Structures are given as C-alpha cells and as structure tokens.
Amino acid sequence: MLDNLTIKMARTGLKNKDFTSLELVTRYFEKIEKYEDLNAYITLNYEKSIDLAKKADEKIAKNIEGSMLGVPIAMKDLFCTDGLRTTAGSRILENFIPPYESTISQNLLNEGSIILGKTNMDEFAMGSSNLTSYFGPVWLPFRKKSDTDIKLVPGGSSGGSAAAVAADIAVAATGSDTGGSVRQPAAFSGLVGIKPTYGLCSRYGMIAFASSLDQAGPITKTVEDAAIMLNAMAGYDKKDSTSIKVEIPNYLDYVGKSIKGMKIGVAKQYTEGLSDVNIAILEQVKKWLLDAGCEIIDINLETAPYALPSYYIIAPAEASSNLGRYDGVRYGYRANAPKNIDDLYVRSRTEGFGEEVKRRILTGTYVLSSGYYDAYYNRALKIREMIKKDFKDNAFAKVDLVLTMTTPNTAFGIDDPATNDPVTMYLNDIFTVTANIIGSPAISVPVGLSGNDKLPLGVQLIGNHFCEKSIFSVASVIEKSANFAELKKEMSYVSKP
Ligand code: GLN
C-alpha cells in the first residue's frame, strides 16, 4: 500500500486515512537505504522529513488542504534549501549550506511536500549521463533485458531525480532543464518530465548554469502528477527578474481533456536518420493521435539542425560568466595554503571544478573573447532568433504542438564508447535543446520499449509559449494509449525492497 504511489494516489491514501504521512516517509527512507547503491541522493533530510510528516498528519486530521500535503519528494541538488547542504554535484560546493530557500522548493513546501533529500546530478547540470557528478555516477534500478550485468545511467543532468522516481525512492522529484535535463533523464527512466515555458518557474535560488535557458520542471510517474506538481511550482516571483506575470491555470483541468481537432506537426528534420525502432514508435504515436481526432501535419523547420550548435555556444558562454563567482574567496571550496591571491584563485578552481565544467568554462570564455565574440557568440544569438522565427512561422502558425522523439537513443552503460567523447554526448540533446533555445514548453512521455533490451523510449511534444495546457491534454492521450505501466512489466528491474 505504501509503494509505487503517484502523487495522486498518495494524496488519496492520506486523505482516506489508509496510511499516515509518517508511515509513508518512514517507508521511503527504508527503501532509500536499500537502494543506496543507486547513488541517487547526495544528502538526506531525515530528521526534518520526519518532523514535517508529523505536522502534515496533524493538518490532514484537521482536514487542511495542500496539493502535495504529506507527499515525500526529492529535490535536485541544484535548488538551494535553507539549512540543507546544496552541492550542484560539485566539489566546489561540497560543504555549502544555503542560508535561504529557493522559490521552487519553497512553493513545494508551501503545498505540504516533504523533501526527503537532495538528488545527485551532473556537476552544475552539465551533462547527459550523470557521469560528471563529483559524487559519482547514478544507476537506474533496471537493466537491459538482453544483458542484465551492465549498469545503466539514468541520463542527465537530473539523473538522481529520475533514478529516485524510477526506483520509487521518491514519489516525484524536481529537475532543471537547460538543454534537456528534465526530459532526457525522464525518457531514459520511463517517466514523465516537463520543461515549462521560460519564466513560468522562478529561478531564484536555483544554482545558475545558463540563465537564459535554465528552467525548473517536475519528473513524475504520470502526466497527471506532472500537472499537480507544476501547479505547485509555477508562478510569478518578484525575486527573479525573468519571472513572468501570467495567470497560472489549473493544469489538472487539461489532463484527459478531448484533443479532437488539434493539429500536431511532424518535421522531417526531426525524423531523418532515426533508428527503425524510433520510426516505428513515432508512427504508432501518430496513429493514436489520429484515433483521438487530431490532424497530423508535415511541417518544415529548416533551422532545427542549428539548435544544437548554437546551444553549445550560448550555454557555455553564460556558464563561464555565471561560474565566475566560485573563486575560493566568498564561499565554497578554497585551496589549502595558497602562495598568493592568484594561486588561491587558480588552485581553488582547478581543484574545485571537474573536467566537463572546465571544458564549458574554457569554451565559453573563448566564444566571448573580443577576437571571437562576433564569429561565435553573436552569430549563435542571431541563429537563436532565426530558430525562434522559424518555429513561430512554420510550426506554431500551423500546428498546436510539434511531435519528436525525446532522445535518439536509450539509456547506456558507463563503458559505452559514447561516454568518452564529449561531442557524442552532446548529441543526446539533439531533440531537446530547441525548446530551451526558443523558450518553449516541452514534455517527454514514455511510450514504448526498445527491441530486445526492453528499455524505455519517450516522445516529446513542444508547444508555443504558455501552451502547457495543450501539452498536458495531448500527453495524457499518448500516455493512456501507450499504457506504459503495463509495458514496464517486461523490463528487467533489479529487485530490492
Ligand atoms: N545535456 C545538456 C548539457 O550538458 C543539457 C543540460 C541541462 O539541461 N542542464 O548542457
């Protein structure tokens, strides 16, 4: 009764007094211990969670409402949590205890969520595998059916969050998405992940990677849960100057709504070169959508192939500027016995940052340097505008949503040759980065399993700004048709609790 719960099921069980929040939280900590080798959490929040669970039970007894009241969730270690260590997966913040709460975690606490702990992630959210974390890799709770010896990564950068939800050591989790870090791990893990419109979720207290692209989003077991959690997370925040003042609808109202007459676009730029399995999946999804009364329209997005290269200029450029604040002086890791001030900066940063972070800082500094600014950074910004216009004129003027695969491949092992080559790793984001470049909302929904490996595959829906409503409606139809909960039974789980 206490396992495999969605947010919705947990709330119903708590309200009906089938179990208490204290029982639920205790059970989740028991499972967290059993699944310790997945390395999904960096820091646990045991005492506070027990305390909050007791308080939630008192509120429930008094019939006090809260959309997440008493529900145990996990928080990506990128969100500052007051008094609870927040590392961003980096040595440079290994001992950082924030004196304030991020707006996202605060909003979730306000709705009664219980934050079990902080989840592992790629260092400063840079990665697609969770292999760049200072705290070590994260593993999925399942393996390839064809080879159960190989441990698989959950994708990244929100890999700890995805593995935690997939292993049911959190009911749901937060992620952050700069180029796909909510959607790609969700797809690898057989979960739902949505990156909302830029500005919908406050970035206050979310450790910055690339500020014009970063957005928080939920990673959940169902589309309905994603709607419940986004309801709690979204909203204007005066502490974030890029937060947008719009009325937030109740996204739950759009889950399960008829999608008859909606137009779904498929662009050849997103289907060329796909594997047979992926082509078959997309055809299947198109058929479900046709059956639900949608129209499928071929569209042409000529600028789509430029999204990834422009992302890998813009994101490192912004990162190099954002990460300038970690200097060993104000806070964070400081090198021992420096010879002078230069030595302090150099060694603190050399020892504090990992390889991928250094690669991004170097790339970013290079493309922003006076000699190359126009050739790289400025050009990437122009391309960004072209992509925005292309999507406006050739996608959203004609269709409600664009359908693509979420990732070109399924979850891989640590020894996969792809993991040794940064550029191959960057290709993981080929379908996801566009939504960040244009500021659009996009969701990943699990729809099927790959051939003999039986690993999850996800499709993505991208919408115009503030079209989360249509995204939830179409995603829920796809979810229902796919019946992934049933497909999951064919997967090879590492059995534990
Ligand atoms: N994988 C992408 C990168 O490494 C996206 C990361 C993210 O969305 N945080 O930049």
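As shown above, the structure is provided for reference.
So, here is what we can say about the structure in this document. (Residues numbered from 1 in each chain as written. Predicted model: local features only at pLDDT ≥ 70, side-chain atom pairs only at ≥ 80, totals over all residues. Heavy atoms only, no water.)

1. What to know about unusual backbone geometry
Here comes step 1: For the bond running from Gly156 to Ser157, omega is 5°, close enough to zero to count as cis.
Here comes step 2: The residue Ser157 is located in the loop between strand S4 (142-143) and helix H5 (159-166) in this model.
Here comes step 3: Its identity as a non-glycine residue notwithstanding, Lys454 has a phi of 55°, on the positive side.
Here comes step 4: The phi torsion at Asn483 lies on the positive side, around 50°, for a residue other than glycine.
Here comes step 5: For Asn483, the location among the structural elements is in the loop between helix H15 (468-482) and helix H16 (484-487). (Helix = DSSP H or I, 4+ residues; strand = E, 2+ residues; numbered from the N terminus.)

2. Considering the site of the ligand
Here comes step 1: In the vicinity of the ligand, 15 residues are found, and the nearest of them are Thr178, Gly179, Ser181, Tyr311 and Arg360.
Here comes step 2: Contact between the ligand and Ala125: a nitrogen atom at 2.8 Å from a main-chain N or O atom of the residue.
Here comes step 3: Thr178 places a main-chain nitrogen or oxygen 2.7 Å from an oxygen atom of the ligand.
Here comes step 4: Taking 300 Å² as the accessible area of the ligand by itself, protein coverage stands at 100%.
Here comes step 5: Residue classes in the shell around the ligand are distributed as five nonpolar, seven polar and three charged. (Near = heavy atom within 4 Å. Polar contact = N/O pair within 3.5 Å; in protein donor to acceptor, adjacent residues only side chain to side chain. Areas by Shrake-Rupley, 256 points an atom, 1.4 Å probe, with all protein chains shown as cover. Nonpolar A, V, L, I, M, F, W, Y, C, P; charged D, E, K, R; others polar.)

3. Observations regarding the packing of aromatic side chains
Two descriptors summarise a pair of aromatic rings, namely the distance from one centre to the other and the angle between the planes of the rings.
Here comes step 1: Summed over the entire model, instances satisfying the criterion amount to 19 aromatic pairs.
Here comes step 2: Centroid distance Phe142 to Tyr493: 5.4 Å. Interplanar angle 70°. Geometry classified as edge-to-face. One end of the pair, Phe142, is in strand S4; the other, Tyr493, is in strand S13 (residues 492-493), with 351 residues separating them in the sequence.
Here comes step 3: Grouped by ring-pair contacts, the aromatic residues Phe96, Phe124, Tyr326, Tyr331 and Phe353 constitute a single cluster.
Here comes step 4: Above the face of the Tyr28 ring, Lys31 is positioned so that its terminal group lies 4.1 Å from the ring centre.
Here comes step 5: Above the plane of the ring of Tyr236 lies Lys245, whose end atom (NZ or CZ) is 4.8 Å from the centre. (Phe/Tyr/Trp six-rings, centres within 6.5 Å; stacked < 30°, edge-to-face > 60°. Lys NZ or Arg CZ within 6 Å of the ring centre and 35° of its normal.)

4. Here we look at the pattern of salt bridges
Working definition: two side chains of opposite charge can pair if their charged atoms are close together.
Here comes step 1: In this structure the tally under the stated criterion is 24 salt bridges.
Here comes step 2: The salt bridge involving Lys287 is made with Asp291; its shortest N-O contact spans 3.2 Å. With Lys287 and Asp291 both in helix H8 (residues 276-291) and four residues apart, this pair spans about one turn of that helix.
Here comes step 3: A residue is classified by how much of its surface remains accessible, and Asp291, at 56% relative accessible area, is exposed.
Here comes step 4: One salt bridge connects Lys389 with Asp393, and the closest N-O pair in it is separated by 2.5 Å. (Salt bridge = Lys/Arg side-chain N within 4 Å of Asp/Glu carboxyl O. Buried < 20%, exposed > 50% of the residue type's maximum accessible area, 1.4 Å probe, protein only.)

5. Looking at the side chain of Asp122
Here comes step 1: With respect to the secondary-structure elements, Asp122 resides in the loop between strand S3 (114-119) and S4.
Here comes step 2: Despite being buried, Asp122 has no salt bridge partner; Lys76 is the closest side chain of opposite charge, sitting 7.4 Å away.
Here comes step 3: Only 3.4 Å separates the side chain of Asp122 from the backbone nitrogen of Ser129, close enough to count as a polar contact. (Lys, Arg positive; Asp, Glu negative; His and termini not counted.)

6. What about the layout of surface pockets?
Over the atoms rolls a probe the size of a water molecule, and in doing so it shows where empty space is left.
Here comes step 1: In this structure, the largest pocket occupies an estimated 710 Å³ of space.
Here comes step 2: Lining the largest pocket are 30 residues, and of these Asn4, Lys221, Ala485, Lys488 and Tyr493 sit closest to its centre.
Here comes step 3: Every element with two or more residues in the lining of the largest pocket is listed here: helix H2 (21-34), H5, H15 and H16.
Here comes step 4: Here the element with the most residues in the lining of the largest pocket is H15; it accounts for three residues.
Here comes step 5: Estimates place the volume of the second largest pocket at around 340 Å³.
Here comes step 6: In terms of lining residues, the second largest pocket is bounded by 17 residues, among which Leu131, Thr132, Glu356, Arg359 and Thr419 are the most central.
Here comes step 7: Broken down by secondary-structure element, the contributors of at least two residues to the lining of the second largest pocket are helix H11 (355-368) and helix H13 (422-426). (1 Å grid on protein atoms, 1.4 Å probe; cavity = no way out; pocket = protein on both sides within 12 Å on 5 of 7 lines; lining within 4 Å. Points joined across faces, edges and corners; volume = space filled by probe spheres on them.)

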